[in-house]
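Observations on the three-dimensional arrangement
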Amino acid sequence: MSTNTQHDQDTPQEAVLASSNPEQASHKTDFGFSQVDASQKADMVADVFHSVAAKYDVMNDLMSMGVHRLWKRYTIDCSGVRAGQKVLDLAGGTGDLAAKFSRIVGNKGQVILADINHSMLNVGKEKLLNMGILGNLHYVQANAEALPFPDNHFDLITIAFGLRNVTDKSKALASMYRVLKPGGRLLVLEFSKPTTQALSKVYDAYSFYLLPQMGKLVANDSESYRYLAESIRMHPDQDTLEQMMKDVGFEQTSYTNLTGGIVALHRGFKF
Ligand code: SAM
């Protein structure tokens, strides 16, 4: 595939980033609980992930008390992925899912770890190389809203804890639909809405008070972790996200609540 050879170099390429969308320049969007010009959100999100990249994995384990590993394991179990297939792990960050997929698809398969943020990609690349994972895994810096891949290309696309950071989520879902093969599957793993009031209250207390404190202590960065908590609350709930997937063409959509809806795994197919 031409995009691989073009982008799979030591330093992820800036050139594949989508140019700014004139439509986005004219309206406001959320950045956590703040309203910002839509054209500025990607840069503000980029600042967050440049800032957290080095401590991302350790903070993930701390913040979720390791449970993010179970959510990711469940995602892999639901992927149906087989040897020889092509997988896109979008907003793949430090590569937890990509690492697992690389082992499953084997030498005849291919995994693309794509992310808009070069700091996250670089941390991921170093980690996966240290794990001995190379050969069938390629790194591409790309915006989910404008994926630089051919139509009908991937058997599976995963986006884990990435979609809520994207400025135009419908545009990103449509882009994923375009590059998925007929018969292919999209899995969206994302924070969602807790299913009970009691859990919501505990979760609010945890994410708005403890999380920024942990961010300050471990990563010396409370603001980024405040954004993460706010962005979770602003993300569409389970039914809204499922409808957004249907609206861009996904079929047989469904979702599973994990940990009482703190996280949900959405599925959709392209036929
Ligand atoms: N998927 C990884 C995981 O589950 O550990 C990383 C998730 S991290 C919370 C979110 C990632 O989304 C970051 O690496 C960030 O750079 C990426 N991201 C944010 N906006 C994006 C966009 N528009 N296109 C692609 N990636 C994006």
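See above for the structure.
Rules used throughout
Residues numbered from 1 in each chain as written. Predicted model: local features only at pLDDT ≥ 70, side-chain atom pairs only at ≥ 80, totals over all residues. Heavy atoms only, no water. Phe/Tyr/Trp six-rings, centres within 6.5 Å; stacked < 30°, edge-to-face > 60°. Buried < 20%, exposed > 50% of the residue type's maximum accessible area, 1.4 Å probe, protein only. Helix = DSSP H or I, 4+ residues; strand = E, 2+ residues; numbered from the N terminus. Lys NZ or Arg CZ within 6 Å of the ring centre and 35° of its normal. Near = heavy atom within 4 Å. Polar contact = N/O pair within 3.5 Å; in protein donor to acceptor, adjacent residues only side chain to side chain. Areas by Shrake-Rupley, 256 points an atom, 1.4 Å probe, with all protein chains shown as cover. Nonpolar A, V, L, I, M, F, W, Y, C, P; charged D, E, K, R; others polar. Arc of directions from axis to C-beta. Contact = heavy atoms within 4.5 Å. Core = buried A, V, L, I, M, F, W, Y, C linked by side-chain atoms within 4.5 Å.

**A short note on the packing of aromatic side chains**
- All told, the structure shown has 8 aromatic pairs when counted by the stated rule.
- Ring centres of Phe149 and Phe154 lie 5.2 Å apart, and the angle between their planes is 85°; this geometry places the pair in the edge-to-face category. There is no split in this pair, since Phe149 and Phe154 are both buried.
- Relative to Phe250, the ring of Tyr177 lies with its centre 5.1 Å away and its plane at 90°, an arrangement referred to as edge-to-face. Taken together, the positions of Tyr177 in helix α8 (residues 169-179) and Phe250 in the loop between α11 (238-247) and β8 (251-258) put the pair 73 residues apart, joining distant regions of the chain. The pair formed by Tyr177 and Phe250 is uniform in burial state, with each residue classed as buried.
- Taken together, the ring pairs in this structure connect Trp71, Phe161 and Phe191 into an aromatic cluster.
- In this structure, Lys270 is placed above the aromatic ring of Tyr177, and the distance from its NZ or CZ to the ring centre is 5.0 Å.

**Re the site of the ligand**
- Around the ligand lies a shell of 20 residues, among which Tyr56, Ala91, Asp115, Ala144 and Ala160 are the nearest.
- One of the side-chain N or O atoms of Asn143 is found 3.0 Å from a nitrogen atom in the ligand.
- Measuring from a nitrogen atom of the ligand, one finds a backbone N or O atom of Ala144 at 2.9 Å.
- Within the complex, 97% of the 590 Å² of free accessible area of the ligand lies under protein.
- Put simply, the parts of the chain that give the shell around the ligand at least two residues each are α3 (38-52) and α4 (56-64).
- Residues that form the shell around the ligand fall into these classes: 11 nonpolar, 7 polar and 2 charged.

**Things to note about α4**
- Of all the residues in α4, the buried ones are Tyr56, Met59, Asn60, Met63 and Ser64. One face of α4 carries all of its buried residues, which in axial projection span an arc of 105°.
- Residues of α4 that are buried in the fold lie against α3, α5 (67-77), α7 (118-130), α9 (197-219) and α10 (222-234).
- Met65 sits one or two residues past α4 and shows a positive phi near 50°.

**As for the nonpolar core**
- Trp71, Phe101, Leu137, Leu189, Phe191 and Val263 are the most contacted members of the largest nonpolar core, which totals 29 residues.
- For this core, the elements supplying multiple residues, two or more each, are α5, α6 (96-105), β4 (110-115), α7, β5 (137-141), β6 (154-160), β7 (180-191) and β9 (263-269).
- It is α6 that contributes the most residues to this core, 5 residues altogether.
- The contacts of Phe191, once residues within four sequence positions are left out, are Trp71, Phe161, Arg164, Tyr203, Ile232, His235, Ile262 and Val263.

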